[in-house]
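Single-letter residue listing:
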Amino acid sequence: MSGLLAAPIIVPFAVAALSLPGGRRPHFQSAAALLGAAAHLALGAMLLQRVHHHGIAVLNVGNWPAPFGIALVADHLSALMVLVTGVVYGAVCLYSRAEIGADCLQRGYYPLLHILVGGISGAFLTGDLFNLYVWFEVMLMASFALLVLGRTRAQLAGGLTYVVINLISTLLFLAALGLIYAMTGTLNMAHLHLKLRATADLGQVAAVSVLFLTAFGIKAGLFPLFFWLPASYHTPPVAVSAIFSGLLTKVGVYALIRTFTLLFPLDGSGLQNLVLAAAALTMVTGVLGAAAHSEVRRILSFHIISQVGYMVLGLGLLTPLALAGAVFYLLHHIVVKANLFLISGLTRQWGGSFALAELGGLYRTRWFGALLFFIPAFSLAGFPPLSGFWAKMILIRASLDAGHFVLAGVAALVGLLTVYSMTKIWNEAFWKPKAAATPPPADGLSRVSAWMLAPVAALAALTVLIGLAPEQLFQMARLAAEELLDPSAYVHSVLGSVR
Amino acid sequence: METVLALLSGAMVAASLFLMLGRHLVRFIFGLVLASNAVNLVIFAAGRPGNPRPPLIPEGAQVPAGVVANSLPQALILTAIVIGFALLVFVFILFFKAHQELGTVNTEDMSDAEAIPAEAGAPEKVKP
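All values reported here derive from a predicted model rather than from experimental measurement.

1. Observations concerning the overall build of chain B
Part 1 of the argument: Along its length, chain B carries 3 helices and 0 strands.
Part 2 of the argument: For chain B, the N- to C-terminal ordering of α and β elements is α-α-α.

In structure tokens form, the structure reads like this:
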């Protein structure tokens, strides 16, 4: 029964082990990946179903009772994140079948991808702070290797920045862990919630919470800690940058939401204004950075940052509606952003380049592709009735309700500027006539197989579906927010399940 | 004991920051090694070292008699050392590879990923 909690972690690792010896058998590897992703997706759906109907699920690994052993915990937020991880995992596995070349496959592309997903699922499901550190490392190690798999100059230089800044963030996290252990004598998150609430030394708590904020802020791409992201995300293969853009920074956002609701509740800690200011600046700098660039994947990378600002805005406001908005935004953004990166790969196949100046005329030749771009792009910008509209509306509504009119204005303005960048890509890549001077794509490059089109179409359909019927997802997000704001159910499920 | 460890790890962090702020890749690596060890020391200090009694439970008893040494920090540090070692090995190889490909050890010159291709019609100024 509670094995369901461990399964989304075990499945990717099992598939990784299975496909490790198959480096020279791409069909076997790809079939294993698709099966694994399908299983992961199904398990995520089952987990959400279980959490939704039977409440928070807890698994004490090795039957060591919490807080002594490591507990895996799934509440609505965790289960939703695992489910959406499965969605992106499946889409990327489909896309990889067509995109990833033989040399990358031989260097272990698929096993690394599975390990990455295993680490991400572990980070979402763990209820133990040190275990979270371990999952972060698993995830990082796989992402390092995936990032530099192609061994081009840009990948090595971008990978260097990425690796170094992430190691520093990890060290900050580890130091914060040590200090919090010294203060409380526990690392179980539910237990920490109780212990920290009872601590008298608020100065120490504040110092450690800032360490966590910095460590997770780097991973999430929060202002002013985001410069590693646009330096590296446009260099790896499209499938890799899609899964990075969809999931990696979002693990950071998830960790921020978890720590700053469960361990260090933001209200009254003095950090709230700092978080709100960081969120606003993240939104603005991200969108301005995007406006300055003229290469599809760089524009999209900067948009990840500005979108992370919206989610952290929801966390900073800390009202039930705002937090539900943050969770909704998180889920919508993962689907849309991964899809946009996948589409950037399609435009490259059709137009021969990522640079906007060299693209053009795709609407004339590929109207269906243009439609596929249009849906996630304008969902990201917040056009009704697509999913991004609801996500932005909830957050702006929440900021107005909380009396933060400036923040609501910033959020609306950034949405407008997002429209500008998306229109830029639309105009340049799809609308304007193709520049005659650019060379035609190399042989076979313009061929887009169904393996690439299918995941893009599926994710776009999901975006439309969320947009037309947001109620279901919003209910889930609202339940997740309630659990976050009142952690007593979480704490009881973890510590009360001691038998 | 804890004061000494605190001062020591503080000094190590200071030294590692000094090394990492240099532009030489090899200095940077040493800074990283030093920083990761400083953090391990912090965890060690967190476990209240100085108690010499081993955490053993006498035969027939359910709990140890009296206050015993805390063994959990050692387990945490061991995990952190193993993970840190793996990461550092990867970083060493990545730095070596980057040095081979990019032909420099100066971090300022390794901006291939951030440089904006000039023919793309982008602004000439390279973003920081």
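2. As for the packing of helix H3 (residues 76-99) of chain A against helix H20 (residues 470-485) of chain A
Residue and element names in this part refer to chain A.
Part 1 of the argument: Orientation of H3 relative to H20, taken along the N-to-C sense of each, is 135 degrees, at an axis distance of 8 Å. Comparing the axis directions of H3 and H20 gives the class oblique. On the side of H3, the interface is formed by His-76, Leu-77 and Leu-80, while H20 contributes Met-476, Leu-479, Ala-480, Glu-483 and Leu-484.
Part 2 of the argument: Residue composition of the contact of H3 with H20, grouped by class: 6 nonpolar, 1 polar and 1 charged.

3. Quick notes on helix H11 (residues 238-263) of chain A
Turn by turn, an α-helix covers 3.6 residues, leaving residues three or four places apart pointing in a common direction.
All names here are of chain A.
Part 1 of the argument: Here H11 contains 26 residues, and its C-alpha end-to-end distance of 37 Å stays within 8% of the 38 Å for a straight helix at 1.5 Å per residue.
Part 2 of the argument: At Phe-244, H11 shows its largest kink, close to 35 degrees.
Part 3 of the argument: Within H11, 26 of the 26 residues are buried, which leaves it mostly tucked inside the rest of the structure.

4. A look at the nonpolar core
Residue and element names in this part refer to chain A.
Part 1 of the argument: Residues Leu-80, Val-312 and Val-327 are the most contacted members of the largest nonpolar core, which totals 227 residues.
Part 2 of the argument: In terms of residue count, helix H14 (residues 320-351) provides more of this core than any other element does, 19 residues in total.
Part 3 of the argument: Discounting chain neighbours no more than four positions away, the residues touching Leu-80 are Leu-48, Val-327, Leu-331, Met-476 and Ala-480.

5. Overview of the confidence of the model for chain A
Part 1 of the argument: Residue-level pLDDT values for chain A average 86, and 96% of them are 70 or greater.
Part 2 of the argument: Ranking the elements of chain A by mean pLDDT puts helix H15 (residues 362-365) of chain A last with 72 and helix H5 (residues 109-125) of chain A first with 93.

What counts as what
Residues numbered from 1 in each chain as written. Chains lettered and ligands numbered in written order. Predicted model: local features only at pLDDT ≥ 70, side-chain atom pairs only at ≥ 80, totals over all residues. Helix = DSSP H or I, 4+ residues; strand = E, 2+ residues; numbered from the N terminus. Axes fitted to C-alpha atoms, helices over the stretch in contact; angles between N-to-C directions. Parallel < 35°, antiparallel > 145°, perpendicular 65-115°, else oblique. Contact = placed C-beta atoms within 7 Å. Nonpolar A, V, L, I, M, F, W, Y, C, P; charged D, E, K, R; others polar. Expected span 1.5 Å × (residues − 1). Bend = angle between axes of the 7 residues up to and from the residue. Buried ≥ 20, exposed ≤ 12 C-beta atoms within 10 Å, placed from the backbone. Core = buried A, V, L, I, M, F, W, Y, C linked by C-beta atoms within 7 Å. pLDDT = per-residue confidence, 0-100.

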